[in-house]
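Architecture and fold: a report
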Amino acid sequence: MEEGRLTLRERKKLRTRQRISGEATLLFIRRGFDHVTVAEVARAAEVSTMTVFNYFPRKEDLFLDRIPEARELIVRAVRERGADEAPLAALRRLVLGLLAERHPLAGVGEGFEYFWRTVLDSPALRARGREAVEEMEDTLAALLAEAAGGTDRPGHDARLGAALVVAAVRVAYVEAAARQLGGDPVDEVAVEQAEVLRRTFEALERALPGFA
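Cut-offs and rules
- Residues numbered from 1 in each chain as written.
- Predicted model: local features only at pLDDT ≥ 70, side-chain atom pairs only at ≥ 80, totals over all residues.
- Heavy atoms only, no water.
- Helix = DSSP H or I, 4+ residues; strand = E, 2+ residues; numbered from the N terminus.
- Buried < 20%, exposed > 50% of the residue type's maximum accessible area, 1.4 Å probe, protein only.
- Contact = heavy atoms within 4.5 Å.
- Areas by Shrake-Rupley, 256 points an atom, 1.4 Å probe, with all protein chains shown as cover.
- Lys, Arg positive; Asp, Glu negative; His and termini not counted.
- Charge placed at Lys NZ, Arg CZ, Asp CG, Glu CD.
- Salt bridge = Lys/Arg side-chain N within 4 Å of Asp/Glu carboxyl O.

1. Details of the overall build of the chain
Secondary structure assignment for the chain yields 10 helices and zero strands. For the chain, the succession of helices and strands along the chain, N to C, is α-α-α-α-α-α-α-α-α-α. In terms of overall dimensions, the chain has a C-alpha envelope of 50 × 40 × 30 Å along the principal axes. The 212 residues of the chain split such that 41% are buried. Counting contacts in the chain only where the partners sit at least 6 residues apart, residues at least 24 apart contribute 65% of the total. A total of about 11,900 Å² of accessible surface is found on the chain, and carbon and sulfur atoms cover 52% of it. Distance between charge centroids for the chain: 4 Å, based on 32 positive and 35 negative side chains.

2. What to know about the pattern of salt bridges
Under the defined criterion, the tally for this structure stands at 18 salt bridges. A salt bridge links Glu146 to Arg79, with the nearest nitrogen and oxygen atoms 3.0 Å apart. In this pair, Glu146 is assigned in helix H8 (residues 123–149) and Arg79 in helix H5 (residues 67–79), connecting sequence segments 67 residues apart. A residue is classified by how much of its surface remains accessible, and Glu146, at 27% relative accessible area, is partly exposed. A salt bridge links Arg179 to Glu188, with the nearest nitrogen and oxygen atoms 2.9 Å apart. Its relative accessible area of 22% is what places Arg179 among the partly exposed residues. Using a relative accessible area of 37% as the deciding quantity, one classes Glu188 as partly exposed.

Here's what the structure looks like:
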């Protein structure tokens, strides 16, 4: 939700959440996720440890703090798509739009190599990342089922469709991350990533005509 639509109390809570996550991110990138405690994050953000856990139930979510935002964007893209727009077209528009604006969820941008390196260096963050992929798949399966038949209880076609979409997009993201870690120019990666995503969705639309 846009900050301008929030109440004063909600804006304060959002800014506290952002401050905690921001301080945590700096510490994790500087020292490594597994070498920083939640208590240290709390001190850096000038809040109590309990306050940290009120906003982030798990330590991993301090760093991977955009997982809820990713889910919300996927839900909005599919449910609020135009009357003549297919679910896959809405998802393609979403991921290409995020990439164009260098949104953190696009995975491509200046300094993003520090994020990817921190994740790769931490078994706990990698495990949470795998969980997040499964969560996105479940969310998308429900959305595809809803779009196809008005029910949020996905059957085989919706689950298969969601699995293929998530896997295909994940491969594109992993390749872009590897290139940034290898030192390729961000602008070059972004241009080529856009083309990869376009080809990816063209293949998905051929494979999943029921959602295209």
